[in-house]
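What follows is each chain in one-letter form.
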Protein chains: 6
Amino acid sequence: MLITITNVLQANELQQFREHLDRADWQSGVKTAGSLARNVKHNQQLDDSQEPAISLGNHILKTLSCHPAFISAALPDRIYPPKFNRYSENETYGAHIDGALMQIPTTHLTLRTDLSATLFLTEPDEYEGGELTIETQYGPQRVKLPAGDMVLYPSTSLHSVSPVSKGVRIASFFWIQSMVRDIQQREMLFNLDSSVQVLTTELGAVHPETVRLSGLYHNLLRQWATPS
Amino acid sequence: MLITITNVLQANELQQFREHLDRADWQSGVKTAGSLARNVKHNQQLDDSQEPAISLGNHILKTLSCHPAFISAALPDRIYPPKFNRYSENETYGAHIDGALMQIPTTHLTLRTDLSATLFLTEPDEYEGGELTIETQYGPQRVKLPAGDMVLYPSTSLHSVSPVSKGVRIASFFWIQSMVRDIQQREMLFNLDSSVQVLTTELGAVHPETVRLSGLYHNLLRQWATPS
Amino acid sequence: MLITITNVLQANELQQFREHLDRADWQSGVKTAGSLARNVKHNQQLDDSQEPAISLGNHILKTLSCHPAFISAALPDRIYPPKFNRYSENETYGAHIDGALMQIPTTHLTLRTDLSATLFLTEPDEYEGGELTIETQYGPQRVKLPAGDMVLYPSTSLHSVSPVSKGVRIASFFWIQSMVRDIQQREMLFNLDSSVQVLTTELGAVHPETVRLSGLYHNLLRQWATPS
Amino acid sequence: MLITITNVLQANELQQFREHLDRADWQSGVKTAGSLARNVKHNQQLDDSQEPAISLGNHILKTLSCHPAFISAALPDRIYPPKFNRYSENETYGAHIDGALMQIPTTHLTLRTDLSATLFLTEPDEYEGGELTIETQYGPQRVKLPAGDMVLYPSTSLHSVSPVSKGVRIASFFWIQSMVRDIQQREMLFNLDSSVQVLTTELGAVHPETVRLSGLYHNLLRQWATPS
Amino acid sequence: MLITITNVLQANELQQFREHLDRADWQSGVKTAGSLARNVKHNQQLDDSQEPAISLGNHILKTLSCHPAFISAALPDRIYPPKFNRYSENETYGAHIDGALMQIPTTHLTLRTDLSATLFLTEPDEYEGGELTIETQYGPQRVKLPAGDMVLYPSTSLHSVSPVSKGVRIASFFWIQSMVRDIQQREMLFNLDSSVQVLTTELGAVHPETVRLSGLYHNLLRQWATPS
Amino acid sequence: MLITITNVLQANELQQFREHLDRADWQSGVKTAGSLARNVKHNQQLDDSQEPAISLGNHILKTLSCHPAFISAALPDRIYPPKFNRYSENETYGAHIDGALMQIPTTHLTLRTDLSATLFLTEPDEYEGGELTIETQYGPQRVKLPAGDMVLYPSTSLHSVSPVSKGVRIASFFWIQSMVRDIQQREMLFNLDSSVQVLTTELGAVHPETVRLSGLYHNLLRQWATPS
Ligand code: NI
Ligand code: NI
Ligand code: NI
Ligand code: NI
Ligand code: NI
Ligand code: NI
């Protein structure tokens, strides 16, 4: 499932983000690469345990916690504290599959990476190349969004960031453990939720079919969701 | 799930059934009881491998094969050839749970008993007592239907036929393996199917929500059904 | 599964509850209703974040935490802090299905509503009407218990509180996430636990079948339970 | 999963197919449309119970039964006897989701539609429009293949055939019940099978990792496959 | 699960088997080996499509079809027609895992190999070496049984036949698809069945706990069994 | 799965453990036995809520938290604070199955006992008897390891400690809830992890099959793991 969520950050928030990020101390991404990633990762990252990564990350988490489209699509259980990376000219991240389990920093909690998220922080015309490329059952899908927009994609997929040939690409990225592990079940719930909303408008909230289908939504969710 | 299906057999069919059954050779039910049932089963049965059991059973099977309410509720995969029993005065069948697996006579096929069915062939005023009593999570449910009506109940339940104190009770009984094993999933499908039918009438067959919910029905069925 | 647990609160506790509740500040239930419930909910509720709701709720939680019948039947994983409602004349709560997921107040924890609980705090002869009505596969079940008794019912069910025509009905209500999500599995465990207890008495704790069936109980629980 | 299998039919076979199909008696597709499809289906179909549909269908089935790529990707359990359709100018089939269960003609067997297949029998330059369009989580995917090539796509997807604006489009279409119902499990098996084949070549058939991974393939298949 | 079933064949049956097998035409086992097995298989086999393999195989199938211990332990759904092999001096079958799916000869049916069976047809003192060695989570288990005895072991295991250093080892081998795929579930059912039998003897068939546990057995079987 | 992990504690750590344990205040094991265990448990235990149990337990937990073989085999989610027991002459612990769920002391957390662990703290030649005996599908397995070594075994198994006939046996024991509940899935992951490591060495970390199989490992883990 490739889900685009637009305007996660507004223009003024983006400007503030950029000010902090342009002044930040970017480090080689190899530092935090696992043994397999070390061979394919050529980019820069912020130190997650320092400012401005902490504050900017918390700002994103707070924004998402009350974002209906994100919640309905992802049914988030745990969100990894957002990380930040930067690709200058010739930098790239080769094809890889994200690890399944991650320790959430400064906690003893483990997160299962059901969904991967990239929140774009530079505009598409600020750099050439740098597409997020996701191998899917339908061939490669290339993603390059306006600053402030976010893409969610299944962490099961092989993906890469193609080389930046000009300019600089800055983004935040993180992972989500969903209360509903299975992608097809999440899709069915998302569709049913949408139907209930349309019928609430068209037929009314107390129409018997609105009530019945709303009950079905919750009973399916009860059968499929595992809050941690 | 206690599902009542009315008028499975019509008056003229019932009359024909009764003519055959009144002339039939009823045998002691102990003959076909398993070791556990032998202690609690006190009734009469027809020999399934002889007429009229074969013809009457086939008539029921043929009727059910094109009965929309039965099909939508039971999603039948295999149906056991209907059997026939008869309770005269003081006869009864004590509390028991039906066996999980049955060999279908004259075949090598096994049937998992997901649903038990009783089709009443005598009218309630022809006998006293003889209720089918099903222990449920909501207490005992007593069932005594007009001739021609059928009840479906989960084969997982402890059930009994209380003693007939006057008159004669004749019924057909059999089991169904459903394509959808889980009772709660069958119920959700049944409700969603009903919603789609109402919306087809109220909003039309090509309304986007009718189409979307019909697709959801089939995708849930695809996820849950196992045809044998 | 409709499970009645008697005497959760004793006479003296009930008296204390009533003293606090009669003095409490009851608010319109619409305040906390979701958009769908708003249309069908006509009752009064206590503010959960204030006394006496907090203390009374904690008292209930503490009582349940060492109540063997409750634990064996519900296998509780998380319990929502008990809420309190009150129906005066003509008040009612129309048919609805409870939401599948709830944020536990003052925590970041989510609770899946597997079971709904109503603990009656007024005696049946203090009011007319006001039955808790649960739509089940076996038809509507009407529940009205002595003060101090509690009913557990599956949160999947459509339920309502019929209008109070005279007097006042006060109750506490809350939800339980069970370690064993599936209702049929919980029932099988409950039955097996009961069998082990009977055999311990009749055959002794070291009889090979007591040991073997006790092991089976724990191995089924291991296969089915997900502690959060 | 969108899987393209090339050259299912060779040039000489295609020529024979075309000779039979051009002489065949094409009927309105509405005849066999269900109540929902009736509104969106505007094409022609062969009568499945007559020649040449029977012979051509059997030829396709026989070809697929020994086609390694098809078998490895689909893990077929049951295949619906191929059907044939024809779109002349302005004909189209609107967006729909295929039914989940189908009775296999002339048998009592039911088939669960896990995969839908379209085998193209006319060349892309013989008609304009007529793309098979599949709505996926990654947006609409348009498919138009050379004659003799086949596409497999998940039957869960909303799909359509866009209007033919010029020429004639002839294809065979059918459904497959897979031994492995879940699409992600089928994909993992397909990838692991490919790895084992590469390692057999690179490291040899008796290399310990070839043996171990081949064993893993079969043990996953054992856990996931349900032959009917 | 390593299950030994003794005396599947009696002395007189064994003698008849040996007479036929000693006269039979044994062929190189490589003929029927898959590409991976070809490297490790060094033994002789009978042609399954000829006598005496057909008659002897049918005899074994008929014996097993009414063997309570075999049925209770394996809950067989499909049994592969027994095959026969022979190891002379220096012959051996290296470590391998059996394929997950097999076409049953002369049918269109597929069998999932849940259990592998070896029925020993020569006495342990007729040959040296030739142990069936099964790698388990508890280390290698070596099996060499009296003629007429059979071992069932999980087809998931890596196993081998160690070289025969003297004499001749003849055995029949085949596979079983169980109605209950999961080995731990089969074990729990087997134990519960044994408990019910003991309690039937010690407490009686109508003792409430015998009835309740017998019902639990059937309800677990209903939840777990998939007849094909 | 019987997994032996050698050298969990080194010689100097063992010496320190022994100094503390020899001075400790050992209590009768009956004190902490459940009602069933009370009949079969005859040994001594440390008070878990006192020193030295707390410090030694924490030392073990810390050692395990960075032990790759333990982590890869057990995929630990929660570990029970290690307990310590001591068997003097004639002491023993009869056959039992460990309880499925345990409250972790001083927390509100529940642990599902997927794996049981025994860490031996006395050398095999310091005592006679005292084997940990695990009933498996392959017969009883007797375990007696050097001091500092640990065995992991499935908590589903019936196990005992045979009587110590001479000397003293001291051990630590505890339980593990795994992120992957099913033992066969854990085994498949363990094998696949080992294959990826071998291929990383033999073919390199960026060889396409190393990358693909590493991705498969993480995708299987994603499908099977439930972090609490
Ligand atoms: Ni990545
Ligand atoms: Ni019955
Ligand atoms: Ni409610
Ligand atoms: Ni279609
Ligand atoms: Ni083999
Ligand atoms: Ni123990």
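Residues numbered from 1 in each chain as written. Chains lettered and ligands numbered in written order. Predicted model: local features only at pLDDT ≥ 70, side-chain atom pairs only at ≥ 80, totals over all residues. Heavy atoms only, no water.

(A) Looking closely at the relation of the copies chain B and chain A. Overlaying chain B on chain A yields an RMSD of 0.0 Å, the required transformation being a rotation through 180 degrees with an accompanying axial translation of 0.0 Å. As the rotation angle and translation indicate, the two copies are arranged about a two-fold axis. A share of 100% of interface residues in chain B that are also interface residues in chain A marks the association as one of identical surfaces. (Least-squares fit on C-alpha atoms with pLDDT ≥ 70 in both. Contact = heavy atoms within 4.5 Å.)

(B) Looking closely at unusual backbone geometry. Looking along the chain, the bond that leaves Glu51 of chain A and enters Pro52 of chain A is cis, with omega of 5 degrees. Mapped onto the secondary structure, Pro52 of chain A falls in the loop between β4 (44-45) and α2 (53-65). Positive phi values are uncommon outside glycine, yet Thr106 of chain E reaches one of about 65 degrees. Checked against the element boundaries, Thr106 of chain E lands in the loop between β8 (101-103) and β9 (110-112). (Helix = DSSP H or I, 4+ residues; strand = E, 2+ residues; numbered from the N terminus.)

(C) Structural view of the packing of aromatic side chains. Considering all chains together, one arrives at 15 aromatic pairs over all chains under this definition. A ring pair is formed by Tyr80 of chain E and Trp175 of chain E, whose centres lie 5.3 Å apart and whose planes are at 90 degrees; its orientation type is edge-to-face. Note that Tyr80 of chain E is positioned in the loop between β5 (76-79) and β6 (83-87) and Trp175 of chain E in strand β17 (residues 169-178), a separation of 95 residues in sequence. Both residues of the pair, Tyr80 of chain E and Trp175 of chain E, count as buried. Considering the side-chain rings of Phe173 of chain F and Trp175 of chain F, the 5.7 Å spacing of their centres and the 85 degrees angle between planes classify their relative orientation as edge-to-face. (Phe/Tyr/Trp six-rings, centres within 6.5 Å; stacked < 30°, edge-to-face > 60°. Buried < 20%, exposed > 50% of the residue type's maximum accessible area, 1.4 Å probe, protein only.)

(D) Seen up close, the UniProt feature "binding site: 2-oxoglutarate" (unreviewed entry) in chain A. All names here are of chain A. As recorded in UniProt, the sites labelled "binding site: 2-oxoglutarate" (unreviewed entry) are Arg169. Relative to the elements of secondary structure, Arg169 occurs in strand β17 (residues 169-178). Taking relative accessible area as the criterion, Arg169 reaches 2% and is therefore assigned buried. (UniProt positions renumbered as here; feature names shortened; annotations may be inferred.)

(E) Fine view of the environment of Arg212 of chain B. Residue placement: Arg212 of chain B occurs in helix α5 (residues 208-224). Remark: the alpha-carbon pair of Arg212 of chain B and Val196 of chain B, spanning 16 residues in sequence, is separated by 9.5 Å. Those residues within four positions of Arg212 of chain B in sequence are excluded, and the remaining contacts are Asn191, Ser194, Ser195 and Val198 of chain A.

(F) Looking closely at the relation of the copies chain E and chain C. Between chain E and chain C, which share one sequence, the superposing operator has a rotation angle of 180 degrees and an axial displacement of 0.0 Å; the RMSD is 0.0 Å. Both copies share a contact surface, since 100% of the interface residues of chain E are interface residues in chain C too.

(G) A look at the UniProt feature "binding site: Fe cation" (unreviewed entry) in chain A. Residue and element names in this part refer to chain A. In the UniProt entry, the feature "binding site: Fe cation" (unreviewed entry) is given for His96, Asp98 and His159. Over a stretch of 64 residues, the named residues converge on one spot in the fold, their C-alpha atoms separated by at most 8.6 Å. Relative to the elements of secondary structure, His96 occurs in strand β7 (residues 92-96). With residues up to four places along the chain from it excluded, the contact list for His96 reads Ser157, Leu158 and His159. Of the polar contacts made by the side chain of His96, one reaches the side chain of Asp98; its length is 3.1 Å. (Polar contact = N/O pair within 3.5 Å; in protein donor to acceptor, adjacent residues only side chain to side chain.)

(H) Seen up close, the interface of chain B and chain A. Each partner contributes residues to the interface: chain B has 19 residues there, and chain A has 19 residues. Both faces combined, the contact of chain B with chain A buries some 1,700 Å², and carbon together with sulfur accounts for 65% of it. The tally of links from chain B across to chain A stands at eight residue pairs in polar contact (both at pLDDT 80 or more). Counting residues per element, the ones that place at least two in the side of chain B that touches chain A are α4 (183-202) and α5 of chain B. With nine residues, α4 of chain B is the single largest residue contributor to the side of chain B that touches chain A. For the side of chain B that touches chain A, the residue count by class is nine nonpolar, seven polar and three charged. (Buried area = accessible area lost by both parts, 1.4 Å probe. Nonpolar A, V, L, I, M, F, W, Y, C, P; charged D, E, K, R; others polar.)

(I) Broad picture of helix α4 (residues 183-202) of chain D. Residue and element names in this part refer to chain D. Over its 20 residues, α4 extends 29 Å from the first C-alpha to the last, a length consistent with the 28 Å expected when each residue adds 1.5 Å. The N-terminus of α4 is capped by Asp182, whose side-chain oxygen sits 3.0 Å from the backbone nitrogen of Gln184. Immediately beyond the C-terminal end of α4, within one or two residues, lies Gly204, with a positive phi of roughly 105 degrees. (Expected span 1.5 Å × (residues − 1).)

(J) Looking closely at the coordination of the nickel ion (ligand 4). Residue and element names in this part refer to chain D. Surrounding the nickel ion (ligand 4) are the protein donor atoms His96 (NE2), Asp98 (OD) and His159 (NE2), which sit 2.1 to 2.2 Å from the metal. As a motif over one chain, the donors of the nickel ion (ligand 4) read H-x1-D-x60-H. Remark: His159 occurs in strand β15 (residues 159-161) and Asp98 occurs in the loop between β7 (92-96) and β8 (101-103); sequence separation between them is 61 residues. With respect to burial, Asp98 and His159 carry one shared label: buried. (Donors = N, O, S within 2.8 Å, 3.2 Å for Na, K, Ca; no water.)

(K) Main features of the sheet that holds strand β3 (residues 41-42) of chain C. Residue and element names in this part refer to chain C. Strand order in this open sheet of five strands is β3-β7-β15-β12-β13, and the pairing throughout is antiparallel. The open sheet has two free edges, formed respectively by β3 and β13 (139-143), since each of these has just one partner strand. Examined bridge by bridge, strand β12 (residues 132-136) and β13 share five bridges and lie antiparallel to one another. Bridge assignment links Glu135 to a residue of β13, and that residue is Pro140. (Pairing = 2+ DSSP bridges.)

(L) Layout of the pattern of salt bridges. Throughout the structure, instances matching the rule amount to 30 salt bridges over all chains. Across the pair Arg112 of chain C and Asp114 of chain C runs a salt bridge whose closest N-O atoms are separated by 2.8 Å. Each member of the pair, Arg112 of chain C together with Asp114 of chain C, is buried. A salt bridge links Glu126 of chain D to Arg18 of chain D, with the shortest nitrogen-to-oxygen separation between them at 3.0 Å. In this pair, Glu126 of chain D is assigned in the loop between β10 (115-120) and β11 (127-129) and Arg18 of chain D in helix α1 (residues 11-23), connecting sequence segments 108 residues apart. A residue is classified by how much of its surface remains accessible, and Glu126 of chain D, at 29% relative accessible area, is partly exposed. (Salt bridge = Lys/Arg side-chain N within 4 Å of Asp/Glu carboxyl O.)

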